[in-house]
There are 2 protein chains.
Amino acid sequence: MGEARSEFLKGTLDMLILKIVALGPIHGYAIAQRIQQISRDFFQLQQGSLYPALHRLEDRGLLKAEWKMTETGREGKFYALSSKGRKKLEAEVQNWERLTDAVSLILRTAE
Amino acid sequence: MGEARSEFLKGTLDMLILKIVALGPIHGYAIAQRIQQISRDFFQLQQGSLYPALHRLEDRGLLKAEWKMTETGREGKFYALSSKGRKKLEAEVQNWERLTDAVSLILRTAE
DNA sequence: AGAGTATAGGTAGAACTTCGAGGTATAACG
DNA sequence: CGTTATACCTCGAAGTTCTACCTATACTCT
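Participant: Explain the environment of I35 of chain B residue by residue, including any values.
Facilitator: You can see I35 of chain B is positioned in helix α3 (residues 28-38). Along the primary structure I35 of chain B and L45 of chain B are separated by ten residues, whereas in three dimensions their C-alpha atoms are 7.6 Å apart. Filtering out sequence-adjacent residues up to four positions away, I35 of chain B remains in contact with I106 of chain A together with L16, I17, I20, F43 and L45 of chain B.

Participant: Tell me about the sheet that holds strand β3 (residues 75-81) of chain B, and name the residues and values.
Facilitator: Residues and elements named next belong to chain B. The strand order across the open sheet formed by three strands is β1-β3-β2, and the pairing between neighbours is antiparallel. Strands with a single pairing partner mark the edges of an open sheet, and in this sheet they are β1 (26-27) and β2 (63-69). Pairing between β2 and β3: seven bridges, direction antiparallel. Bridge pairing in β3 places K68 opposite G76.

Participant: A description of the packing of helix α2 (residues 13-22) of chain A against helix α5 (residues 83-107) of chain B should follow, citing residues and the corresponding values.
Facilitator: For the pair α2 of chain A and α5 of chain B, the least separation of the axes is 10 Å and the interaxial angle reads 25 degrees. By the angle class used here, α2 of chain A and α5 of chain B are roughly parallel. The handedness of the crossing between α2 of chain A and α5 of chain B is left-handed. Judged by residue contacts, M15, L16, K19 and I20 of chain A of α2 of chain A engage V103, I106 and L107 of chain B from α5 of chain B.

Participant: So what about the nonpolar core? Which residues, and what values?
Facilitator: Buried together is how nonpolar side chains tend to be arranged in soluble globular proteins. In this structure, I31 of chain A together with I31 of chain B are the most contacted members of the largest nonpolar core, which totals 64 residues. Those residues within four positions of I31 of chain A in sequence are excluded, and the remaining contacts are I17, I20, V21, I26, L50, L54 and Y79 of chain A.

Participant: Requested: an account of the interface of chain A and chain B, with residues and values cited.
Facilitator: On the side of chain B, 35 residues touch chain A, which itself brings 35 residues to the contact. Interface area for chain A against chain B, summed over the two sides, is near 3600 Å², with a carbon-plus-sulfur share of 72%. Taken together, the links from chain A to chain B amount to zero salt bridges. Counting every contact that joins chain A to chain B gives four residue pairs in polar contact (both at pLDDT 80 or more). Every element with two or more residues in the side of chain A that touches chain B is listed here: α1 (3-9), α2, α3 (28-38) and α5 (83-107) of chain A.

Calculation rules
Residues numbered from 1 in each chain as written. Chains lettered and ligands numbered in written order. Predicted model: local features only at pLDDT ≥ 70, side-chain atom pairs only at ≥ 80, totals over all residues. Heavy atoms only, no water. Helix = DSSP H or I, 4+ residues; strand = E, 2+ residues; numbered from the N terminus. Contact = heavy atoms within 4.5 Å. Pairing = 2+ DSSP bridges. Axes fitted to C-alpha atoms, helices over the stretch in contact; angles between N-to-C directions. Parallel < 35°, antiparallel > 145°, perpendicular 65-115°, else oblique. Left-handed = near helix turned anticlockwise from the far one by under 90°. Core = buried A, V, L, I, M, F, W, Y, C linked by side-chain atoms within 4.5 Å. Buried < 20%, exposed > 50% of the residue type's maximum accessible area, 1.4 Å probe, protein only. Buried area = accessible area lost by both parts, 1.4 Å probe. Salt bridge = Lys/Arg side-chain N within 4 Å of Asp/Glu carboxyl O. Polar contact = N/O pair within 3.5 Å; in protein donor to acceptor, adjacent residues only side chain to side chain.

Function-wise, these values are silent; they only describe arrangement.
Listed below in structure tokens is the structure:
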């Protein structure tokens, strides 16, 4: 991620990836594109962040992977959410909302 | 921070500390209490996170420190924002807002 | 007087994440 | 045939936060 972005990205990456995968089976390279596209270029996911994250999520049983052909006729590793991943996503979204609420409380505090 | 919290805290701690200090000179121990109080116990800042963060911010010239007596009659290191710290806080708040907007775009995407 | 708790400061090492920089390989295009 | 886009990957550096510890003073309770 670009420096300014990465400062704040920490901790949200897994949630964002799980969310994109929740929209339907998709391969790694396309996940980065989707995230960049939907966030209107705010997030620019580097491959050095993407692939380790995907492996992490797969190792933890949150994602299932399968090799298939992409739309462009090439091999791609397609990821889908496991039920564990779906629960994790729900929990992370809830936690994200509680976090932003808590941060708002502090930022809006005027002495 | 409690495990669940810390996952998402990354990157926000400096901003929160700067914001609390912006409300008026305050010593380290009291910063942690204020943050916990205002966030309604969502954030429980550990000393092992607090003090290194304060030293970091001081080293970067964002905070100025001065030893004074606390309300309870003890020595405390009081922190205040430098002008550089004030600018940094503004920038971090702006960036935080852009981040939450970008995350919202992704979380609200329904395929 | 002594014990315990809250206040106030701090450090060291581990764990984890992300990034930057590199590598491999195929397909498509000029 | 060279370049660009796609698609996968790894490694090491850098940074942050946490856990676990340490010191010391003030206050409260017995």
